[in-house]
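Understanding the architecture of this molecule
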Amino acid sequence: MNDRLETLLRDPRAHQDTPDADAVRDWSDQALARWQAEQAAEAGRVPRRRFGWTDIATAAGLVSAAVAIAPVVGALAGHAWTALHAGAARLADRGWAADAAWTDGTTWTQALAEAPPALLAVAALAVFLSVPQLRGMASRVLDG
Amino acid sequence: MPVKEPNQLAAADFEPLDDDAARRFADAFAPRIAAQAARFRLPHDLCQDVVQETLLRALRGLPHFRGESRLSTWVYRIAWRECARAAAHQKRAARGGIAPAPEVEPEAAPQPDLAAQADEYARVRAAMNGLPEQHRLALGYHYLDGLAVADIAALMEATPSTVKSWLKRGRDALRERFA
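Just so you know, these numbers come straight off a predicted model, no measurement behind them.

A count of helical and extended segments in chain B gives seven helices and zero strands. Counting all 179 residues of chain B, 47% fall into the buried class. In chain B, the proportion of contacts linking residues at least 24 apart, taken out of those at least 6 apart, comes to 71%. Summed over all atoms, the accessible surface of chain B reaches about 9100 Å², with 53% contributed by carbon and sulfur.

Okay, the overall build of chain A next. The helix and strand inventory of chain A stands at six helices and zero strands. Its helices and strands in sequence order give chain A the pattern α-α-α-α-α-α, from N to C terminus. The long-range share in chain A, meaning contacts at least 24 apart out of those at least 6 apart in sequence, stands at 45%. When the accessible surface of chain A is summed, it comes to about 9700 Å², and 63% of that surface belongs to carbon and sulfur atoms.

Another aspect to go through is the packing of aromatic side chains. What characterises a pair of aromatic rings is the spacing of the ring centres plus the angle enclosed by the ring planes. Residue and element names in this part refer to chain B. Summed over all chains, the structure comprises six aromatic pairs over all chains. Centroid distance phenylalanine 25 to phenylalanine 29: 4.9 Å. Interplanar angle 50 degrees. Geometry classified as tilted. With phenylalanine 25 and phenylalanine 29 both in helix H1 (residues 19-39) and four residues apart, the pair spans about one turn of that helix. With respect to burial, phenylalanine 25 and phenylalanine 29 carry one shared label: buried. Taking 5.3 Å as the distance between ring centres and 75 degrees as the angle between the ring planes, the aromatic pair formed by phenylalanine 40 and tryptophan 80 counts as edge-to-face. On the criterion of sequence distance, the pair formed by phenylalanine 40 in the loop between H1 and helix H2 (44-61) and tryptophan 80 in helix H3 (residues 71-95) is long-range, its members being 40 residues apart. Judged on exposure class, the residue phenylalanine 40 and its partner tryptophan 80 are both buried. Aromatic ring contacts, followed pair by pair, group Phe40, Tyr76, Trp80 and Tyr141 into a single cluster. Lying over the aromatic face of tyrosine 141, arginine 39 brings its terminal NZ or CZ to 5.1 Å of the ring centre.

The subject of this paragraph is H2 of chain B. Working note: α-helix, 3.6 residues per turn, so residues spaced by three or four point in the same direction. Over its 18 residues, H2 of chain B runs 26 Å from end to end, which matches the ideal 26 Å to within 8%, given 1.5 Å per residue. Looking at the buried residues of H2 of chain B, the elements they touch are helix H2 (21-44) of chain A together with H1 and H3 of chain B.

Let us now look at unusual backbone geometry. Residue and element names in this part refer to chain B. Residue proline 16 follows glutamate 15 across a cis peptide bond; omega there is -5 degrees. Topologically, proline 16 is positioned in the segment before H1. Positioned with a positive phi, arginine 41 is a non-glycine residue whose angle comes to about 60 degrees. The topology assignment puts arginine 41 in the loop between H1 and H2. Its identity as a non-glycine residue notwithstanding, glutamate 157 has a phi of 55 degrees, on the positive side.

Another aspect to go through is the interface of chain A and chain B. Where interface size is quoted, it is often the accessible area lost as the parts come together. Taken together, the contact pairs 30 residues of chain A with 41 residues of chain B. Our count for the chain A to chain B interface comes out at five salt bridges. Counting the contacts that link chain A with chain B gives eight residue pairs in polar contact (both at pLDDT 80 or more). Going through the elements one at a time, helix H1 (2-9) and H2 of chain A are the ones with two or more residues in the side of chain A that touches chain B. Counting residues per element, the side of chain A that touches chain B draws most heavily on H2 of chain A, at 13 residues. Counted by class, the side of chain A that touches chain B contains 13 nonpolar, seven polar and ten charged residues.

Quick look at the confidence of the model for chain B now. All names here are of chain B. When pLDDT is averaged along chain B, the result is 82, and 85% of the positions lie at 70 or above. The secondary-structure element of chain B with the lowest mean pLDDT is helix H4 (residues 115-129), recorded at 76, while H2 shows the highest, at 92. Within the model, pLDDT remains below 50 along residues 99-110, and this stretch shows 14 contacts once partners closer than five positions in the same chain are excluded.

Okay, the nonpolar core next. All names here are of chain B. Counting residues in each nonpolar core, the largest one holds 67 residues, and the members touching the most others are Phe25, Leu42, Leu71, Tyr141 and Met156. Split by domain, the residues of this core number at least three in each of domain 1 (1-105) and domain 2 (110-179). Those residues within four positions of methionine 156 in sequence are excluded, and the remaining contacts are Arg77, Trp80, Gln134, Leu137, Ala138, Tyr141 and Trp166.

As a further point, take the side chain of serine 72 of chain B. With respect to the helices and strands, the residue serine 72 of chain B is situated in helix H3. Among all residues touching serine 72 of chain B, those that are not within four sequence positions of it are Pro6, Asn7, Phe29 and Leu147 of chain B.

Let us look at helix H5 (residues 133-144) of chain B. All names here are of chain B. With twelve residues, H5 should cover 16 Å at 1.5 Å per step; its first-to-last C-alpha distance of 16 Å lies within 8% of that length. Of all the twelve residues making up H5, nine are buried; the element is thus mostly covered by neighbouring parts of the structure. Among the residues making up H5, those that are buried are His135, Arg136, Leu137, Ala138, Leu139, Gly140, Tyr141, Tyr143 and Leu144. In the stretch just after H5, glycine 146 is the one whose phi turns positive, near 70 degrees.

Cut-offs applied
Residues numbered from 1 in each chain as written. Chains lettered and ligands numbered in written order. Predicted model: local features only at pLDDT ≥ 70, side-chain atom pairs only at ≥ 80, totals over all residues. Heavy atoms only, no water. Helix = DSSP H or I, 4+ residues; strand = E, 2+ residues; numbered from the N terminus. Buried < 20%, exposed > 50% of the residue type's maximum accessible area, 1.4 Å probe, protein only. Contact = heavy atoms within 4.5 Å. Areas by Shrake-Rupley, 256 points an atom, 1.4 Å probe, with all protein chains shown as cover. Phe/Tyr/Trp six-rings, centres within 6.5 Å; stacked < 30°, edge-to-face > 60°. Lys NZ or Arg CZ within 6 Å of the ring centre and 35° of its normal. Expected span 1.5 Å × (residues − 1). Salt bridge = Lys/Arg side-chain N within 4 Å of Asp/Glu carboxyl O. Polar contact = N/O pair within 3.5 Å; in protein donor to acceptor, adjacent residues only side chain to side chain. Nonpolar A, V, L, I, M, F, W, Y, C, P; charged D, E, K, R; others polar. pLDDT = per-residue confidence, 0-100. Core = buried A, V, L, I, M, F, W, Y, C linked by side-chain atoms within 4.5 Å. Domains from an automatic or database assignment.

Below, the structure is given as structure tokens:
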């Protein structure tokens, strides 16, 4: 009896009723179809762009722009700080007009006019490269 | 290529993992996964979920399988988790008053000349159904899937001595009921 039981236990029919083989095949087919769709989606995904000349140009532009802008930003911040401390009330009276003078007599238009053109060009480049759409356009031109 | 038993298969047998290899993988393991789900007494629709989710997870993970265990043990382990999740879902559904899905349809009536043999199988099945779940699952893994005690222990998160105890007590109970 023991040998018979051992033999029976090795037979799938002696265990819990298993789903029909055709049904299992159908389930497998569905799982495979899902897996294949995943694989196709994976293959169709745009590969990560490789590091290129555009990235180097972008980085160089951003660094030089930051270096160039720093004094201007510092000067503007200094003017603003001075204005806040020295004459907040007077500034409020004048308004924030383009020809309104800071406490040292400098106006906005003067500050921009005195900035070296090269610095302004670099700042414009930095803004251009910081905008993703513009950068993508540049990338297509540069990388072909 | 000779057909290998699932327990003899290795990840290298499915390299490169293309559509053909995935088909061979599914053909080899889907029946075993379905049998495992049935041993959990899961209804038909949950068996389907278990088979599909296990195959998908295994196919996704196969390229990263490092061979820390046998491939079959790894697949059964995924199936075990899916079965446990499905069983928990079934219990929650039962507690929430949601009617569980119908059980697997019973086999068609056997031919007269096979009736005696079918009756024998039915008696074993009935005896198996009366066993505690862990004993029933351990017997299935051992006798049907051919897993070693150590593999079953890893699968069922138990010690080998515990698995041996489950197998012995399961066999003893079956002998009593089957005698």
